[in-house]
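# Observations on the three-dimensional arrangement
What follows is the residue order along each chain.
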Amino acid sequence: MNIDALKKRIDVSTKRLPADVVVKNGKIIDVFNLEVIEGDVAIVDGYIAGIGEYEGHEIIDAAGKFISPAFIDGHVHIESSMVTPGEFSKVLLAHGVTTVITDPHEIGNVSGTEGISFMLNESEGLSLDVRVMLPSSVPATPFENAGAVLKASDLESFLAHPRVLGLAEVMDFPAVFRGDGDMLQKIIAAADQNGMIDGHAAGLDANGINVYRSSMITTDHECTTVEEARDRISRGMYVLIREGSVAKNLRALTKAVTPNNARRFLFCTDDKHLDDLVAEGSVDHNVRLAIQEGMDPLQAIQLATLNAAECYGLKEKGAVAPGYKADFLLLDDLNSIAISDVFVGGKLVAQNGKYKGSETSSSQPPVALTQSVNMTKIDSEKLSIPLSDGKPMHVIEIIPNQIVTKKKIVAATAENGKFTPSTTNDLLKMAVIERHNKTENIGLGVVNGLLIQNGAIASTVAHDSHNLVVAGTNDEDILVAIEAIREMQGGYVIVKNGAVLASVPLSISGLMSDRPFTEVNQQIIHLKKKLKEIGFNGDFDPFLTLSFLTLPVIPEIKLTDLGLFDFKIFQHIPVQAE
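The model shown is predicted, which means the values in this text are computed figures rather than measured ones.

### Considering the side chain of His 200
In this fold, His 200 is placed in the loop between strand S12 (196–199) and helix H7 (206–214). Filtering out sequence-adjacent residues up to four positions away, His 200 remains in contact with Glu 169, Val 170, Met 171, Tyr 212, Asp 220, His 221, Glu 222, Val 553 and Ile 554.

Listed below in structure tokens is the structure:
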């Protein structure tokens, strides 16, 4: 801000000058005192100059509606929406979210620094304020192969970017625990820039939290129980209450929020698919759900606004008050959080659930991002799992709507010394195929609970290294699915009896589409309808579930391109159990 802009703001505040915009006849949500107050809201140059009685060049009649600060998502991976930042912006603004804290580690794992640059460039100048945390753990562990390795030196040049806030979720806890030099250098470099450092404390006990906090790590979005949340709060962390497409922790964690500790909680979505964002929303859905769970509406709004802003040092966001940016919502009702209008900098950007702006989609992505599926030809022999019928084997057991899994030992179903999928026992073959550098690595395993009766599903969305993941009832359909993914250069596919039933091409790093969000949403809806044709009738998303079965930093057992991985002992194990 220059002196002329500041003087103009003061002149509007003192009423020596009329405001650019004045919002009248609204009930203002005061997130500091958790009460509703009345008064005009005077706006100049996109900022609030005063609350009281004001006149302006433009009048917005709130018509008795509530004036709420706009919502902030404290932690989200834009890539999980499967659309570019520009298309993502249109969806979130319609749901009252005007600021996001994003971690581009999905595309970072595939395309390295070029992927991070793409996300920064494509989110520049949007009505949605996209703040970025730099990926800390690419790859997430040394027990898998990603498309890139990001060292501290690779991230250094990004730290000076005006929208970069710090270091994203540090999920390689063993590296922190051991004091590995490169990880510590990443932390120090972020701290030296007064940056935030996010945690990823899945499965950590109180002593593990001690290690995190002593390392200047401040947040965690992996809590699943009240006890975990309180452990983190008592050691000075912020807890991000997550409600995404597969990890749904809000109902459990709202019970940890009390009047004494509420200021240490905020909301996030983490990973949420486009169809869920369109249908139910983003953080606005978290707010509604928290209210349904008994949280006071003003408290829920505080978590989604002021708490998130203060956690990430966004001093001009999170409140309807003088000196704050004029990002606000008009709500018809507090209990249902019915959003009628969304404003960014005092300008209308969405109304009645529809984006009202004129932003266009991005330029053509670099070739390196659109040619990201690099793998050799796969045949059935490479999918063979040597096992004897009836012998014990390790199995990944799915917990519906959770990203954690259970390690299960069951009797193998096999013929001629090779594992054979059994739909009767719901035991399917699963493979993770390295798709970045033609290493020919294939991790093989068995999954229980995917509920597919005939066919295969495959995807290049496989957290966090995003290799090709496939599961199915027979090798023939698995192979067709793999080849379809290769031809599309990434995406989702359903195969039955050797034919592709449905697909969603994701040509940008195998993670995002270059098409408008409306078109991609219809592709996803069609894909999910076709799941019935392969016998799926579960109450969870099998694609989203499959994408997290490859994440070795989450308990209890996962599959990487190097094989089955046991989280408890932090090492690979054979499919055959002793």
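Now that the structure has been shown, the text picks up again.
### Examining helix H8 (residues 226–234)
Listing the buried residues of H8 in full gives Val 226, Glu 228, Ala 229, Arg 232 and Ile 233. The arc that holds every buried residue of H8, seen down its axis, measures 165 degrees, which confines them to one face. What points out from H8, more than 90 degrees from its buried face, is the exposed set Glu 227 and Ser 234. Two residues or fewer past H8, Gly 236 is found with a positive phi of approximately 90 degrees.

### Section: the sheet that holds strand S16 (residues 328–333)
Reading across the sheet, the seven strands line up as S3-S2-S7-S16-S17-S18-S19 and stay open at both edges, with mixed pairing between neighbours. Lying at the two open borders of the sheet, with one neighbouring strand each, are strand S3 (35–38) and strand S19 (354–355). Where strand S2 (residues 27–30) lies against S3, four bridges are found, and the strand directions are antiparallel. Residue pairing for S3: Ile 29 is matched across the bridge by Val 36. Running at roughly 35 degrees to strand S7 (residues 66–69), helix H12 (residues 297–311) makes contact with S2, S3, S7 and S16 of the sheet.

### A few points about the pattern of salt bridges
Under the counting rule described, the total for this entry stands at 32 salt bridges. With a closest N to O distance of 3.5 Å, Asp 332 and Lys 65 form a salt bridge. Of this pair, Asp 332 sits in strand S16 while Lys 65 sits in the loop between strand S6 (56–61) and S7; the two residues are 267 residues apart in sequence, bridging distant segments of the chain. A salt bridge links Lys 407 to Asp 566; the shortest N-O distance between them is 2.7 Å. Of this pair, Lys 407 sits in strand S21 (residues 405–411) while Asp 566 is found in strand S31 (residues 563–566), placing the two residues 159 residues apart along the sequence.

### Considering the UniProt feature "domain: Amidohydrolase-related" (unreviewed entry) in the protein chain
Residues annotated in UniProt with the feature "domain: Amidohydrolase-related" (unreviewed entry) correspond here to residues 66–349. Secondary structure over residues 66–349 splits into 37% helix and 21% strand, and the C-alpha atoms at its two ends are 17 Å apart.

### Digging into the sheet that holds strand S32 (residues 571–573)
The antiparallel open sheet is built from three strands, whose spatial order is S30-S31-S32. Each of the sheet's edge strands pairs with one partner strand only, and the pair in question is strand S30 (557–560) and S32. Geometrically, the sheet is characterised by an average inter-axis angle of 45 degrees between neighbouring strands, direction not taken into account. Bridging between S31 and S32 involves three bridges; their strand directions are antiparallel. Along S32, the bridge assignment pairs Asp 566 with Gln 571.

### Let's talk about the UniProt feature "domain: Adenine deaminase C-terminal" (unreviewed entry) in the protein chain
The feature "domain: Adenine deaminase C-terminal" (unreviewed entry), as annotated in UniProt, sits at residues 402–570 in this numbering. Overall, residues 402–570 shows 21% helix and 33% strand. The separation of its end C-alpha atoms is 20 Å.

### Section: the state of the cysteines
Here the structure, examined in full by the defined rule, presents zero disulfides. Cys 268 takes part in no disulfide bond, and the closest cysteine sulfur, belonging to Cys 223, lies 10 Å away. Cysteine Cys 311 shares no disulfide, and the gap to the nearest cysteine sulfur, in Cys 268, comes to 10 Å.

### Concerning helix H1 (residues 3–13)
Buried within H1 we find Arg 9, Asp 11 and Val 12. One face of H1 carries all of its buried residues, which in axial projection span an arc of 160 degrees. Of the exposed residues in H1, the ones pointing more than 90 degrees away from its buried face are Ile 3 and Lys 7. Summarising the contacts, the buried residues of H1 are in contact with strand S1 (19–24), strand S4 (40–44) and strand S5 (47–52). Near the N-terminus of H1, the side chain that reaches the backbone nitrogen of Asp 4, with its oxygen 3.2 Å away, is that of Asn 2. At the C-terminal side of H1, Lys 15 shows a positive phi close to 75 degrees.

### Comments concerning the packing of aromatic side chains
As enumerated under the stated definition, the model contains ten aromatic pairs in all. Between the aromatic rings of Phe 143 and Phe 565, the centroid separation amounts to 4.9 Å while the plane-to-plane angle is 40 degrees, which identifies the pairing as tilted. Of this pair, Phe 143 sits in the loop between strand S10 (129–134) and helix H4 (152–155) while Phe 565 is found in strand S31, placing the two residues 422 residues apart along the sequence. Centroid distance Phe 536 to Phe 540: 5.2 Å. Interplanar angle 85 degrees. Geometry classified as edge-to-face. Members of the aromatic cluster, each reached through a chain of ring pairs, are Phe 143, Phe 565, Phe 567 and Phe 570. Here the basic side chain of Arg 9 rests over the ring of Tyr 47, its NZ or CZ set 4.5 Å away from the ring centre. It is Lys 27 that lies over the ring of Phe 66; its NZ or CZ is 4.3 Å from the centre.

### Considerations on the environment of His 105
Structurally, His 105 is set in helix H3 (residues 105–122). With 132 residues separating them in the primary sequence, His 105 and Met 237 have C-alpha atoms 22 Å apart. Not counting residues within four places of it along the chain, the set of residues in contact with His 105 comprises His 77, Glu 79, Pro 135, Val 138, Glu 169, Met 171 and Asp 464.

### Observations concerning unusual backbone geometry
Put simply, Val 138 and Pro 139 share a cis peptide bond, and its omega is -5 degrees. Glu 556 follows Pro 555 through a cis peptide bond whose omega is 15 degrees. Even without a glycine there, the phi angle at Lys 15 is positive, about 75 degrees. Following the sequence through the fold, Lys 15 ends up in the loop between H1 and S1. Taking relative accessible area as the criterion, Lys 15 reaches 52% and is therefore assigned exposed.

Analysis parameters
Residues numbered from 1 in each chain as written. Predicted model: local features only at pLDDT ≥ 70, side-chain atom pairs only at ≥ 80, totals over all residues. Heavy atoms only, no water. Helix = DSSP H or I, 4+ residues; strand = E, 2+ residues; numbered from the N terminus. Contact = heavy atoms within 4.5 Å. Buried < 20%, exposed > 50% of the residue type's maximum accessible area, 1.4 Å probe, protein only. Arc of directions from axis to C-beta. Pairing = 2+ DSSP bridges. Axes fitted to C-alpha atoms, helices over the stretch in contact; angles between N-to-C directions. Salt bridge = Lys/Arg side-chain N within 4 Å of Asp/Glu carboxyl O. UniProt positions renumbered as here; feature names shortened; annotations may be inferred. Disulfide = S-S within 2.5 Å. Polar contact = N/O pair within 3.5 Å; in protein donor to acceptor, adjacent residues only side chain to side chain. Phe/Tyr/Trp six-rings, centres within 6.5 Å; stacked < 30°, edge-to-face > 60°. Lys NZ or Arg CZ within 6 Å of the ring centre and 35° of its normal.

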